[in-house]
Amino acid sequence: MLTTGGYGTWPSPIDATLAASRDGRPEYVGTVGEEVWWTAPRPAEAGRRALVRLRADGHEESVLPPPWNVRSRVIEYGGTPWAGAERAEGGPLLVFVDFADQRLYAYEPDGTAPPRPLTPLSPTGGGLRWADPRIHLDRGEAWCVLEEFTGEGPTDVRRVIAAVPLDGSAAEDRAAVTELSDDRHRFVTGPRLSPDGRHVAWIAWDHPRMPWDGTVVMLGEVPDMAGGPGAGEPARAGGASGPRSAPFTDVRPVVGDTDESVAQVEWAPDGSLLFVSDLSGWWEVRRVRLDDLAPGVVRGTALRPGRSEEFGGPLWKIGLQWFQPLANGLIAVIHGKGTTALGLLDPATGELVDAEGPWTEWAATLAVRGDRVIGVAASPRSGYEVVEFDAATATGTDAGSAIGTDAATATGTGVGTGTDAEADAETAARTGRVRVIGSAHRDVVDPAYYPEPHSRTFDGPDGREIHAHIHPPHHPGHRAPEGELPPYVVWAHGGPTGHAPLVLDLEIAYFTSRGIGVAEVNYGGSTGYGRAYRNRLRGQWGVVDVEDCAAVARALAAEGTADPARLAVRGGSAGGWTAAASLTTTDVYACGTIMFPILDLLGWATDETHDFESQYLESLVGPLAEVPERYRDRSPLYHAGDITAPFLLLQGLDDVICPPAQCERFLARTAEGDVPHAYIAFEGEGHGFRRADTMVRALEAELSLYAQTFGIERTDVPRLELTKGRR
């Protein structure tokens, strides 16, 4: 029997501690021999990232104990922080970046010795940082991205591809690190070596473009190792001293442009170059053969054109992967529009088969070992887990044969004629076997308390489409009184060149199970819907995002889904900007939660953020030299006095991307008014919260804000003290 109680008053077993314990997801999956490894969050261990090893017997174990934190700070958002290689003797060799000092370390997990540093420290600025390593045992080196600070400012930095000796000879000697590329480009990804070892490819771009605006694929030749024999001669056991790699030669751009985003590049087994490009308006997998290269940049051939869906995404971290070639010539791909699937693409025919399963979001990380494809996926009923797709069961014994049908057939629709049993057997054969192998989702509470979301498309200003995921209040044992409308919180995602996935999030369930709805808005500028949708935000940040969030909120109220008097807005990072701008420019919301935000465009455009995004506003807002007034007019800082709704401001004190100084200036201006507000700053937190105690306090404070603003009585969270400024 259902108990009647007002929206927002319902009890829930999903408390803040539980939600915090499930924050984060597996990342950077890879294989070492037959084993699968990945990094995983540890909120209860000061928010570190652990490196997890899946043994052959299915046992998961942390490779390194606390306080080791396997996480890179290259471009501040990081990138692939580890690589492993199987050796004939002594077990696997691991190289990894430790967050504390950003040095690259070598470790033999089957031995007894502790990790040993491979790279030196630097006293200049942010020092030396490393990402996207690849181990080359035959050379006795790890190739990776080197980010080197040349001064004390956040933009005093250069990036190159470098070779680090595995013998530790560079641990105290910067000169022992060989720079394989020059620093002609501001940003580079890790190098990908061709199957014959003669060529190398990587992605590069420069200010003021972001990688989703325009990048180029660079191609170089790999010379024989300096001071010794060629690359084919193995180094001594353990990577001992020997010949060193020489810088790449004949380096030239071959793919991409200032208005074409190439998000990933890899080599196919046949020596052709595979890459993901949005030349058509959608990120698609394309191919170019080295024999077809002419002087200048070429376009390549699209392998599955015309689907109007994404086979790639925004390169926020170095080394993200949306596809991986298999040895048999097929390509594992992540693709979709709004939601994503894992599929197998036959480049010879363009045919595509999807893996079956409940997952609606595949993270940008893939690994391949033989016929096994490993990824990380989640669904509306399960958190992110490590999933294995057995491609052999989808392609049959003839590895070179075409793989059959498209995704519609693979998911069981339009299978063809015959009995249901025959159809099921055909579908199973074409889709392949999929199983969860690690970080498996476990229902820590009755899943009846999970939200039951649905995706919708709303009409925005000028009739433009707005995509959103709606999570209504849901509780198995409670209902609201007849006629009462629920409060809703509009969530603005970060980026802003990003998107909100349709997956289980216990932070959302924390609210919906108490009777507060959540609307995640993929406003104009979001990824997953093609370049035209992404470009809606060019020059319009603080306008289109604010309008789209408000349009969804108003539509929910107008149709009787939400209480128009009990609407809130919430966001972090770029979403924090949207939340703050919404409170200063609209009257839609009764309150808001602003987390680690951008509040002052003028400050952010000059010296208050890191190098990677230091010129992001040139496209989001417009060139500062041409439209300086726009930077002031749109900044919430200069309109703080216009806020009439209570707000909660949450900030990490170690944040170098959205620094606390902006929050402090904002609060100084709100002191001129009498709007109730609270500011909580967290020691030891950077951009985005990682520690369990931080997330618990933040969630409980947010719920208390809504309870006080919406007139809801709750005694299960500490009361947030709201203060008023002085006129």
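Described in the following lines is the structure provided in the data block. A quick note: this is a predicted structure, and the numbers were derived from the prediction, not measured.

## As for the packing of aromatic side chains
Then, in step 1: Inspection of every chain in the model, using the stated rule, returns 25 aromatic pairs.
Then, in step 2: Seen in terms of ring centroids, Y529 and Y533 are 5.1 Å apart; in terms of plane orientation they differ by 55°. Their pairing is tilted.
Then, in step 3: Residue class for Y533 comes out buried when judged on its relative accessible area of 5%.
Then, in step 4: Taken together through their ring pairs, the aromatic side chains of Y77, F187, W205, W212, W316, F612 and Y616 make up a single cluster.
Then, in step 5: Here R514 stacks its cationic end above the ring of Y510, 4.2 Å away from the centre of that ring.

## Description of the sheet that holds strand β11 (residues 141-149)
Then, in step 1: Overall, antiparallel pairing links the four strands, which are arranged β10-β11-β12-β13 in an open sheet. Strands with a single pairing partner mark the edges of an open sheet, and in this sheet they are β10 (128-136) and β13 (178-179).

## Quick word on helix α7 (residues 544-558)
Then, in step 1: Taking 1.5 Å per residue, 15 residues should reach 21 Å; α7 reaches 20 Å between its end C-alpha atoms and fits that length.
Then, in step 2: Summarising burial for α7: eleven of the 15 residues are buried, a large majority.
Then, in step 3: Buried residues of α7: V544, D545, V546, D548, C549, A550, A551, V552, A553, L556 and A557, and no others.
Then, in step 4: Lining the buried residues of α7 we find β31 (454-459), β32 (465-471), β34 (488-492), β35 (517-522), β36 (567-572) and α8 (574-585).
Then, in step 5: Downstream of α7 by a residue or two, G560 has a phi angle that is positive, lying close to 85°.

## With respect to the nonpolar core
One recurring pattern in soluble globular proteins is that nonpolar side chains are buried together.
Then, in step 1: Grouped together as the largest cluster of nonpolar side chains are 106 residues, with contacts concentrated most on V217, W541, Y589 and F647.
Then, in step 2: Ranked by the residues each element gives to this core, the list is headed by α7, at seven residues.
Then, in step 3: In this structure F647 touches L583, G592, I594, F666, L667, T670, V675, P676, H677, A678, L705 and L722, once residues within four positions along its chain are discounted.
Then, in step 4: In this structure, V445, F682, A698 and I712 belong to the second largest nonpolar core, which totals 41 residues.

## A word on empty space enclosed by the protein
Then, in step 1: Using the criterion set out here, one finds two cavities of 30 Å³ or more in the structure.
Then, in step 2: Surrounding the largest cavity, W212, D213, T497, G525, R534, N535, L537, R538, Y616, S619 and L620 form its lining.
Then, in step 3: Considered as a void within the structure, the second largest cavity measures approximately 70 Å³ in volume.
Then, in step 4: Taken together, D132, T189, G190, R192, I203, A263, Q264, V265, E266, L315, G319 and L320 form the lining of the second largest cavity.

## Description of unusual backbone geometry
Note on backbone geometry: most residues besides glycine have negative phi, and most peptide bonds are trans.
Then, in step 1: With an omega of 10°, the peptide bond running from P66 to P67 counts as cis.
Then, in step 2: With respect to the helices and strands, the residue P67 is situated in the loop between β5 (60-62) and β6 (82-85).
Then, in step 3: Geometrically, the link from G495 to P496 is a cis peptide bond, its omega value of 0° lying close to zero.
Then, in step 4: Within the secondary structure, P496 is located in the loop between β34 and α5 (506-512).
Then, in step 5: If you check the backbone angles, Y28 has positive phi at about 50° while not being a glycine.
Then, in step 6: Relative to the helices and strands, Y28 resides in strand β2 (residues 27-32).

## Some thoughts on the side chain of T694
Then, in step 1: When you line up the elements, T694 lands in helix α13 (residues 692-710).
Then, in step 2: Reaching out from T694, the side chain makes a polar contact with the side chain of E685 at a distance of 2.9 Å.
Then, in step 3: Those residues in contact with T694, other than ones at most four positions away along the chain, are F682, E685 and F689.

## A look at the sheet that holds strand β25 (residues 341-345)
Then, in step 1: Pairing is antiparallel across the open sheet formed by four strands, whose spatial order is β23-β24-β25-β26. Looking along the sheet, the strands with just one partner apiece sit at the ends: β23 (323-325) and β26 (352-354). Within the sheet, the average angular offset between the axes of one strand and its neighbour, ignoring direction, is 25°.
Then, in step 2: In the sheet, strand β24 (residues 331-335) pairs with β25 via five bridges, with the strands oriented antiparallel. Its bridge partner being in β25, V333 is matched across the sheet by G343.

## Points about the pattern of salt bridges
Then, in step 1: Considering all chains together, one arrives at 49 salt bridges under this definition.
Then, in step 2: Measuring nitrogen to oxygen at the nearest pair gives 2.6 Å for the salt bridge that ties E35 to R53. Here E35 is found in strand β3 (residues 35-42), whereas its partner R53 is found in strand β4 (residues 48-54), with 18 residues between them in sequence.
Then, in step 3: With a relative accessible area of 3%, R53 lands in the buried category.
Then, in step 4: The closest approach of N and O atoms between R665 and E608, which form a salt bridge, is 2.8 Å. On the criterion of sequence distance, the pair formed by R665 in helix α12 (residues 660-670) and E608 in the loop between α9 (601-606) and α10 (617-620) is long-range, its members being 57 residues apart.
Then, in step 5: By relative accessible area, which is 29% here, R665 ends up partly exposed.
Then, in step 6: Owing to a relative accessible area of 16%, E608 belongs among the buried residues under this scheme.
Then, in step 7: Here the salt bridges do not stand alone but share partners, grouping R73, E76, R129, E147, R159, R186 and D611 into one network.

## Looking at the layout of surface pockets
Then, in step 1: Size it by volume and the second largest pocket reaches roughly 1,200 Å³.
Then, in step 2: Contributing to the lining of the second largest pocket are 40 residues, with T31, G84, R134, Q324 and V368 lying nearest its centre.
Then, in step 3: Listing elements by their share of the lining of the second largest pocket, those giving two or more residues are β2, β6, β10, β15 (192-193), β19 (262-267), β23 and β27 (361-369).
Then, in step 4: Residue contributions to the lining of the second largest pocket peak at six residues, all from β27.
Then, in step 5: Of the residues contributing to the lining of the second largest pocket, the split by class is 22 nonpolar, twelve polar and six charged.

Rules of the game
Residues numbered from 1 in each chain as written. Predicted model: local features only at pLDDT ≥ 70, side-chain atom pairs only at ≥ 80, totals over all residues. Heavy atoms only, no water. Phe/Tyr/Trp six-rings, centres within 6.5 Å; stacked < 30°, edge-to-face > 60°. Buried < 20%, exposed > 50% of the residue type's maximum accessible area, 1.4 Å probe, protein only. Lys NZ or Arg CZ within 6 Å of the ring centre and 35° of its normal. Pairing = 2+ DSSP bridges. Helix = DSSP H or I, 4+ residues; strand = E, 2+ residues; numbered from the N terminus. Expected span 1.5 Å × (residues − 1). Contact = heavy atoms within 4.5 Å. Core = buried A, V, L, I, M, F, W, Y, C linked by side-chain atoms within 4.5 Å. 1 Å grid on protein atoms, 1.4 Å probe; cavity = no way out; pocket = protein on both sides within 12 Å on 5 of 7 lines; lining within 4 Å. Points joined across faces, edges and corners; volume = space filled by probe spheres on them. Polar contact = N/O pair within 3.5 Å; in protein donor to acceptor, adjacent residues only side chain to side chain. Axes fitted to C-alpha atoms, helices over the stretch in contact; angles between N-to-C directions. Salt bridge = Lys/Arg side-chain N within 4 Å of Asp/Glu carboxyl O. Nonpolar A, V, L, I, M, F, W, Y, C, P; charged D, E, K, R; others polar.

Spatial relationships are all this shows, so hold off on functional conclusions.
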